[in-house]
Amino acid sequence: MSAFEQNVQKRMASMPASIPSAGPVDPALIEDLVAASRILAQHGVLDAWGHVSMRHPKNPQRYLISRARAPALVTASDIMELDLDSNPVDGDDRRMFLERFIHGEAFKARPDVNAVVHSHSPTIIPFSVTEEPLRAVSSVASFLACGCPVFEIRDVGRTKRDIKTFEVRLRVDNRDRRLAVGMTAYVLLPLL
Ligand SMILES: [Zn+2]
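Summarised in this report is the structure supplied together with it. (Residues numbered from 1 in each chain as written. Predicted model: local features only at pLDDT ≥ 70, side-chain atom pairs only at ≥ 80, totals over all residues.)

Moving on to the environment of Leu46. Of note, Leu46 is situated in the loop between helix H2 (27–42) and strand E1 (51–55). Residue class for Leu46 comes out buried when judged on the 25 C-beta atoms lying within 10 Å of it. Leu46 sits 71 residues away from Val117 along the chain, and the two C-alpha atoms are 8.6 Å apart. Dropping the residues within four chain positions of it, Leu46 is found in contact with Leu40, Ala41, Pro71 and Ser119. (Helix = DSSP H or I, 4+ residues; strand = E, 2+ residues; numbered from the N terminus. Buried ≥ 20, exposed ≤ 12 C-beta atoms within 10 Å, placed from the backbone. Contact = placed C-beta atoms within 7 Å.)

What follows is the structure, encoded as structure tokens:
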């Protein structure tokens, strides 16, 4: 068995056997999440690998996100329910986004956050890898007035695996309380 297969088996063994669903969600809310995904894709905010999620309306320990699928193609039937460790409920075994941990850890760290968008905006990425801060330069950007924190991947690890493994990055980040309550709604991550 290869090291990769061993790692997969180890991870599967550590997953809970079955996580119960928090219950059905109003179809109108699911449609809103689907619309958000498609609108963000239509406007170029999300590319083929971006995603949007929302906290479950009945249980703050769950969130809703599409299965691994391009955001422009998402339909209501693609929406999955995950716990905040980003495990699927009810044994749902559809393929999920590797980057889903960004969403789960953000919901975990910020109880006041009810939706998360992860994008690869080319206009924003430079601010995640340089010393230049992202600044508000118009009134409609006033939400940036208090600054935008940048997650420093080099504080966590420098290997390719470190950089690719969002789970490690964000779990470590949470332990350090860098996504603590009170930070802005935006966190810049180096492009992966
Ligand atoms: Zn990404």
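Our focus in this paragraph is H2. In a regular helix each residue adds 1.5 Å, so 16 residues correspond to 22 Å; H2 covers 22 Å between its end C-alpha atoms and thus fits that length. For H2, the set of buried residues is Leu33, Ser37 and Ala41. One side of H2 holds all its buried residues, which, seen down the axis, span an arc of 70°. Exposed and oriented more than 90 degrees from the buried face of H2 are Ala28, Ala35 and Gln42. The inward-facing, buried residues of H2 contact E1, strand E2 (62–66) and strand E3 (79–83). (Expected span 1.5 Å × (residues − 1). Arc of directions from axis to C-beta.)

Here we take up the nonpolar core. Leu33, Tyr63, Leu64, Ile65 and Phe107 are the most contacted members of the largest nonpolar core, which has 15 residues in total. Elements represented by at least two residues in this core include exactly E1, E2, E3 and helix H3 (100–109). It is H3 that contributes the most residues to this core, four residues altogether. The residues touching Phe107, leaving out its near neighbours within four places in the chain, are Arg55, Tyr63, Leu84, Val113 and Val116. (Core = buried A, V, L, I, M, F, W, Y, C linked by C-beta atoms within 7 Å.)

Strand order in the open sheet formed by four strands is E3-E2-E1-E4, with antiparallel pairing between adjacent strands. On the outer flanks of this sheet lie E3 and strand E4 (115–118), each paired with one strand and no other. Across the sheet, the axes of successive neighbouring strands diverge by a mean angle of 25°, strand direction being ignored. One ladder, built from five bridges, connects E2 with E3; its direction is antiparallel. Counted as the bridge partner of Tyr63 is Leu82 from E3. Lying over the sheet, H2 contacts E1, E2, E3 and E4, oriented at roughly 155° with respect to E1. Running at roughly 145° to E4, H3 makes contact with E1, E2, E3 and E4 of the sheet. (Pairing = 2+ DSSP bridges. Axes fitted to C-alpha atoms, helices over the stretch in contact; angles between N-to-C directions.)

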